[in-house]
Protein chains: 2
Amino acid sequence: MSRVAYVDGRYVPHSLAVVHIEDRGYQFADGVYEVLAVVNGHIIDEEPHLVRLARSLSQLRIVQPVSDAALKIVMRETIRRNRVDDGIVYLQVTRGVAPRDHAFPRLAKPVLVVTARRKRAIDPRIADDGVAVITIPDIRWRRCDIKSVALLPNVLGKQLAKEAGAYEAWQVDQEDCVTEGTSTNAWIVTAEGTVVTRQAGNAILNGIVRLAVLDIVRRENYSLVERPFTVREAKAASEAFLTSTTLDLLPVVRIDGEPVGSGMPGPLSRKLRDCYLVHTAAAG
Amino acid sequence: MSRVAYVDGRYVPHSLAVVHIEDRGYQFADGVYEVLAVVNGHIIDEEPHLVRLARSLSQLRIVQPVSDAALKIVMRETIRRNRVDDGIVYLQVTRGVAPRDHAFPRLAKPVLVVTARRKRAIDPRIADDGVAVITIPDIRWRRCDIKSVALLPNVLGKQLAKEAGAYEAWQVDQEDCVTEGTSTNAWIVTAEGTVVTRQAGNAILNGIVRLAVLDIVRRENYSLVERPFTVREAKAASEAFLTSTTLDLLPVVRIDGEPVGSGMPGPLSRKLRDCYLVHTAAAG
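From a predicted model like this one, the values you see are computed outputs, not experimental measurements.

**Considerations on the pairing of strand β2 (residues 10-13) of chain B**
Residues and elements named next belong to chain B. Looking at chain direction, strand β1 (residues 4-7) and β2 are connected through 4 bridges and run antiparallel. Residue pairing in the sheet places Tyr6 in a bridge with Tyr11 of β2. In sequence, β1 turns back onto β2 through a hairpin of 2 residues, with Asp8 there showing a positive phi of about 50 degrees.

Okay, here's the thing in structure tokens:
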């Protein structure tokens, strides 16, 4: 089966899916994106993703190239044509093609790209055993709430993690507080059993799985505080975990080589992961 | 005449110059660039541009796709095919095309794109009358010494300047010191006649025109200090100017609406501009 991508109004073979070299996404990182999970052929939490997309675009004053209704159709068609039952759909919107000049062009038409792919095989032990993270300085810009494609610092951070034998790098601000992972949100559970994750703001991307897990935590009546936490607090936590659309919820069992709690996935992490998988299964 | 671009080994009509949607430049801003001036068909200060390119690439651990010698040939051929006598040659190197995943791909081959265009008509009064700048918070990442394509904050800053009726936005760090413009370096001349510009470091891109003007200032025996300067100092300066490959050296006569010195281009700015134009004319 050959893959198909949607590029600026047309479905094309993935191998031939191209954009112009003067697309501002290529020259200026002047664009935004979303990654949505597909479970049993259904898109998970589509509405909050579309709300966030609209917000990112409006912050950059990029006009959404198609309506939400049309975008939903394009995503479904891209999923269908790629025969994705379980996987992800990726969409990217850039400000469009224009002669290179930093300021917004007057005439550019935003460009929408949509792709879909099946879930990558993830070692099943990861969820059972948990993963390791390292901590690194957060060197990103000050508008991490915008889901832009200016991801170079995230790339460098993820590579550092990989080379350290870790799964993710938790980025740390100048107050020694964790902001988030390079492509995931960061959570801890204190010795008292309180779930802690950084509040939404300019320092983090407000993850859609983050929002879903917050709902679950509240529904299940666990103690919860949204606030920054330090690296020291994280290392002294009884549990830690991360969330993202592609990874769901993964227990974090080591931070900079030091075990978190017992060094095994904690009971609350397991419970919340199960609840989240029920949430996606129900939607799917 | 139709324009021609060099894309990953081939010369193609500019209108058909494309890259794959999974080029990491498009999805991650995982690439770097250079803009070189062309005067009388000759490339200005080619060597320092190539040195900086090599440094940017090495900081990101992207392998330079072609040798310097080959790159020089490609730039010349692109200039020739586009019949550029006075203008710029633009080059961009990304980490290449790979299935989307933050960490460095194992197999991607870096992609080189080169374009050239004639100088845009600039209102000649700009150099005579000087330009206005505004000041804005510097919200960029902490590795501005790497000339990456992650330029979204620069885009937003330049747009703010434009909408304020200014030519450039000077970005200001948390100590209230100017780092640089969104695509230019920032300079002042103190009441005592000392030329001040921020020292090279992670907070600024070490401009090639900046280096050339530093040489001129030293050669002409003007007093010079490379250090951060505050917005207040800039507004109290006797002169101010900016430098960039596409603009050469332009006097700055207003900062946030307040006149700098007499509100007219100062004598040292004019003198340095003249010297710089001699430098490029000699090279060209």
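**Here we look at the side chain of Glu77 of chain A**
Residue and element names in this part refer to chain A. One can find Glu77 in helix α3 (residues 68-81). For Glu77, a relative accessible area of 19% corresponds to the buried category. Side chain to side chain, Glu77 and Arg80 meet in a polar contact 2.8 Å long.

**Re the relation of the copies chain B and chain A**
By a simple turn and slide, chain B fits onto chain A: the slide is 0.0 Å along the axis, the RMSD is 0.0 Å, and the turn is 180 degrees. Taken together, the turn and the small shift mark the pair as related by a two-fold rotation axis. Take the interface residues of chain B: 100% of them recur as interface residues in chain A, which is what a same-surface contact looks like.

**Here we look at empty space enclosed by the protein**
Under the definition given, this model contains 3 cavities of 30 Å³ or more. Its boundaries defined by the atoms lining it, the largest cavity holds a volume of some 80 Å³. In terms of lining residues, the largest cavity is bounded by Trp141, Ala150 and Pro153 of chain A together with Arg140, Trp141, Ala150 and Pro153 of chain B. Looking at the lining of the largest cavity residue by residue, the class counts come to 6 nonpolar, no polar and 1 charged.

**A word on the interface of chain B and chain A**
Contact residues are listed per partner, giving 59 residues for chain B and 60 residues for chain A. Both sides together, the interface formed by chain B and chain A hides about 5100 Å², and carbon and sulfur atoms give 60% of it. Considering only the side of chain B, the residues that lose the most area to chain A are Tyr26, His102 and Arg142 of chain B, jointly responsible for 16% of the buried surface there. For the interface between chain B and chain A, the tally reads 2 salt bridges. Close ionic contact of Glu163 of chain A with Arg61 of chain B constitutes a salt bridge, the shortest N to O distance being 2.9 Å. Connecting chain B to chain A are 27 residue pairs in polar contact (both at pLDDT 80 or more). Breaking the side of chain B that touches chain A down by element, the ones donating at least two residues are β1, β3 (18-20), α1 (24-28), β4 (31-39), β6 (87-94), β7 (111-118) and α5 (152-163) of chain B. Sort the elements by how many residues they give to the side of chain B that touches chain A and α5 of chain B lands first, with 9 residues. For the side of chain B that touches chain A, the class distribution of residues is 27 nonpolar, 15 polar and 17 charged. Two elements, strand β3 (residues 18-20) of chain A and β3 of chain B, share 3 bridges in a ladder whose sense is antiparallel. By the bridge assignment, Val19 of chain A is partnered in β3 of chain B with Val19 of chain B.

**What to know about the sheet that holds strand β2 (residues 10-13) of chain A**
Residues and elements named next belong to chain A. Taken together, 6 strands build an open sheet; the order of strands is β2-β1-β7-β6-β4-β5 and the sheet is antiparallel. Bordering the open sheet on either side are β2 and β5 (42-43), each of which pairs with just one other strand. Here strand β6 (residues 87-94) runs beside strand β7 (residues 111-118); their pairing, made up of 8 bridges, is antiparallel. What sits directly across from Gln92, in β7, is Val113.

Reading the values: rules and limits
Residues numbered from 1 in each chain as written. Chains lettered and ligands numbered in written order. Predicted model: local features only at pLDDT ≥ 70, side-chain atom pairs only at ≥ 80, totals over all residues. Heavy atoms only, no water. Pairing = 2+ DSSP bridges. Helix = DSSP H or I, 4+ residues; strand = E, 2+ residues; numbered from the N terminus. Buried < 20%, exposed > 50% of the residue type's maximum accessible area, 1.4 Å probe, protein only. Polar contact = N/O pair within 3.5 Å; in protein donor to acceptor, adjacent residues only side chain to side chain. Least-squares fit on C-alpha atoms with pLDDT ≥ 70 in both. Contact = heavy atoms within 4.5 Å. 1 Å grid on protein atoms, 1.4 Å probe; cavity = no way out; pocket = protein on both sides within 12 Å on 5 of 7 lines; lining within 4 Å. Points joined across faces, edges and corners; volume = space filled by probe spheres on them. Nonpolar A, V, L, I, M, F, W, Y, C, P; charged D, E, K, R; others polar. Buried area = accessible area lost by both parts, 1.4 Å probe. Salt bridge = Lys/Arg side-chain N within 4 Å of Asp/Glu carboxyl O.

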